[in-house]
Amino acid sequence: MGGTDYTAGARCSEKRIRVGIDVGGTFTKAVAMDVTTGKMVAKSTVPTTHNSEKGVSAGIVAALGNILAESGIKLHEIEAISHSTTQAINALLEADVHKVGIVSMGVGPTKKDVVKRTRLDNEKTGPGKSLRTCHTFLDTSHLITKEEVGEAVKMLRGEGAEAIVATEAFGVDDPSNELFVMNEAAKMGVPSTASHEISGIYGLEIRTLTSVINASVLPKTLQVANFVEEGIRRMGVASPLMVMKGDGGVTSMDTFRTKPILTILSGPAASVAGALLHLRITNGIFIEVGGTSTNICVIREGKPEFRYVMIRDHPTCIRSMDVRIVGVAGGSMVRLSRGRISAVGPRSAHIAGLTYSCFADPKDLETGQIVTVRPKDGDEEYACIRCDGNTYAITNTCAANALEMIDDGDYSLANAKSAKISMKKIGEEMGVSYFEAAQSIIQTSSFDIMKTVARILKDYKMDSATEIIGGGGGASVLAPFVAKQMGAPYRKAEQAEVISSVGVALSMLQEEQEVSMVDPTPEMISREHNRVRAALVDKGAIPESVAIDSKFIPDKAILRITAVGNVEMDGGAARNVFTQDEAMGRAAEIMGADTDTVKLIFKSGHYFVFGANVKEKRLLGKKEKQRVVALDMFGRPKISIRNGKVFCGDRKTVTGSLDLFFDSKHFGIMPGVHLVNSIKAMDFSGLTSRSHVMAAVSGELADGEDGMVVVDMS
């Protein structure tokens, strides 16, 4: 592909194109989106190249090549290419990891405690787990030398370490020793991770464990990152290349090379991002049915839920979208036992290298007999149809086509005659009709999905009638059946088969960091904001596009800061940017209020703030409260308060009004105070003194700048 001129025959009009590529277990799907209109201008699907010499990168390059060759998009019209990756999670799940050498550091008297908390032996990783480590300790009561570090790295390499972790008890406060070890390891050609780069929290043990997990896949992800970048650059594409993270944002390839753990669950996060940015779901359960697995997540009040990631029972300090993954999907194969369907999946026809029987020639299928096969070493036996010409898999998609569940034009539509023949064959083994056999397959497959949906609804205290939205190539195969069985409303996503790729294309650069902070001050908060903002700009964000949200979590003594930015300034016509009316509609839905009762309180370049007077029933009547909701320009909720006192204006007006309000009240404990200005939405709830709150508000509002402060009176 290297010498092809993809600009030939290009359209005359200039576009702003973002390419999103989602690497799934079965297919790699690419889309090109025009961000000024929000419209898709091209798409391509190729099989995921698991067995290629260059791994999944070969499929990424092929999908991009197809789009460029067929769409007439000019190379300079592409402003960014983003892709999801399964590399890190697959390596961890399949135990395809490298041994890690841990260089722990501390002052002499604390050696015993530091060693205990950083030596990850079998007692901590568990028998049969994937992590393999070796360990050494450096005393930092004196300045450590190059010779000491060199000897430590050599010793660990001698014990088989292929990557290094540098970890020190208070490395988040002073990372100089961790950086020193990293630099020396780099000179020796050994990839490394410093624990302070992975997390800013104080927990030495969890920070070290997370860093070891990250380092264990470094050599493999370095190779994959290089393959992807080299392949795309050979095509003449010079625009930024990004990778999806598990939090729904994208980041630079340099981040992927050094912190691949951040891309854990990037594939599932891509589907959620598509649901949020393209479908604009405010409340619902999103079920993305692929060929190999199904991703299920909840969206509440226009945003996904998050949780700390567990990997092979290892806890981490990495936050990711709460996406539940079920090992059944459109291509899942069928298992028979004692004349009944005992299970469906987790092996898919694609990974087994078999064609779906519903895509076979009916004449060929008529010659077939049911046999059982073990597609991979260690697999259970799966039922297939062995014919004169080939062996075909019996899948969920076959059953759905036999039941005529698939609409004309759907991505999963196949030959109904072939599907019914395959169901008849397996039905004969079961002693039932083709219809009953197909129903049994779909019901068995849907059971785990329904259990997962029910668990999510219970976890987040949501109504059982919450809407279910189907996405993915297999959306019509399982999602509507699940909704019907649960009595929930259902709709199929627009562009369902490539919704993950759309999510990757439309996602913005995002940087989230958690910092231990026992007693925050305005100066400390401002310093961390500036640091995170600078980190995002370093990754390619246009400074003017960066917006920052922060929240203090008192019970964990953590300040959580999220910065979002873009590689280019977005045009206002982009479909994923909310208009004021659209934002008001979402705010009304979040508040549970009629749209005509919702008023715009404050507006800046990045935020809309709305309020509504809502009457709540009390024991002795009703009490009126002012609901306040702040959304960013993409409709994502940043502040939601059930009863707030609002102050708007310039710095002098806001601080003066706030001061008078505090004088009129007697708070035993300072209430939560939130601020929104042109680029920040901040939670000052961690500030426990009036003077700190006043200083923080004054410090965040520049001269002549308008802002809004809301005091949480809930």
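Everything that follows concerns the structure shown earlier in this document.
In this report, we go over the structure that sits alongside the text.

### A look at empty space enclosed by the protein
Piece 1. Taken as a whole and assessed by the stated rule, the structure comprises two cavities of 30 Å³ or more.
Piece 2. Empty space within the largest cavity amounts to approximately 60 Å³.
Piece 3. If you trace the largest cavity, you find it lined by Arg 18, Ala 80, Ser 82, Met 242, Val 250, Ala 505, Ser 507, Met 508, Leu 509, Asn 566 and Val 567.
Piece 4. Looking at the lining of the largest cavity residue by residue, the class counts come to seven nonpolar, three polar and one charged.
Piece 5. Reported here for the second largest cavity is a volume of approximately 40 Å³.
Piece 6. Surrounding the second largest cavity, Ile 285, Val 453, Leu 457, Ser 464, Thr 466, Ile 468, Met 486 and Ala 488 form its lining.
Piece 7. Split by residue class, the lining of the second largest cavity holds six nonpolar, two polar and no charged.

### Section: the packing of helix α1 (residues 57-71) against helix α9 (residues 218-234)
Piece 1. Where α1 contacts α9, the axes come no closer than 9 Å and their chain directions differ by 20 degrees. Looking at the two axes, α1 sits roughly parallel to α9. Crossing geometry of α1 relative to α9 is assigned as right-handed. In contact with Ser 57, Ile 60, Val 61 and Leu 64 of α1, α9 contributes Val 224, Phe 227, Val 228, Gly 231 and Ile 232.
Piece 2. Looking at the contact of α1 with α9, its residues break down into seven nonpolar, two polar and no charged.

### Quick look at helix α8 (residues 204-216)
Piece 1. Across its 13 residues, α8 extends 18 Å between first and last C-alpha, which sits within 8% of the 18 Å expected from 1.5 Å per residue.
Piece 2. When you tally the buried positions in α8, you get eleven out of 13 residues, the bulk of the element.
Piece 3. Among all positions of α8, only Leu 204, Arg 207, Thr 208, Leu 209, Thr 210, Ser 211, Val 212, Ile 213, Asn 214, Ala 215 and Ser 216 are buried.

Calculation criteria
Within every chain, residues take consecutive numbers counted from 1 along the sequence as written. Local features in a predicted model are, by the rule used here, given only for residues with pLDDT of at least 70; side-chain atom pairs are given and counted only at 80 or more, and totals for whole chains, interfaces and linings are based on all residues. Values shown for side chains rest on all heavy atoms present in the structure; no hydrogens or waters enter the calculation. Only protein atoms enter the 1 Å grid, on which a cavity is a set of points fitting a 1.4 Å probe that cannot get out and a pocket is an open set with protein on both sides within 12 Å along at least 5 of 7 lines, lining residues being those with an atom within 4 Å of a point. Grid points are joined across faces, edges and corners, and a volume is the space filled by probe spheres set on the points. We call Asp, Glu, Lys and Arg charged. Ala, Val, Leu, Ile, Met, Phe, Trp, Tyr, Cys and Pro are nonpolar, and the rest, Gly among them, are polar. Think of each axis as a best-fit line through the C-alpha atoms, taken over the contacting stretch in the case of a helix, with angles from 0 to 180 degrees between the N-to-C directions. Secondary structure elements follow DSSP: runs of H or I no shorter than four residues count as helices, runs of E no shorter than two count as strands, and numbering proceeds from the N terminus. Should an angle lie under 35 degrees it is considered roughly parallel, over 145 roughly antiparallel, and from 65 to 115 roughly perpendicular; all remaining angles are considered oblique. The handedness criterion is simple: a crossing whose near helix is rotated anticlockwise from the far helix by less than a right angle is left-handed, and one whose near helix is rotated clockwise is right-handed. Two residues form a contact once any of their heavy atoms are found within 4.5 Å. Each residue after the first adds 1.5 Å to the expected span of a helix. Remark: exposure states derive from per-residue accessible area (1.4 Å probe, protein chains only) relative to the maximum for the residue type, with buried under 20%, exposed over 50%, and partly exposed in between.

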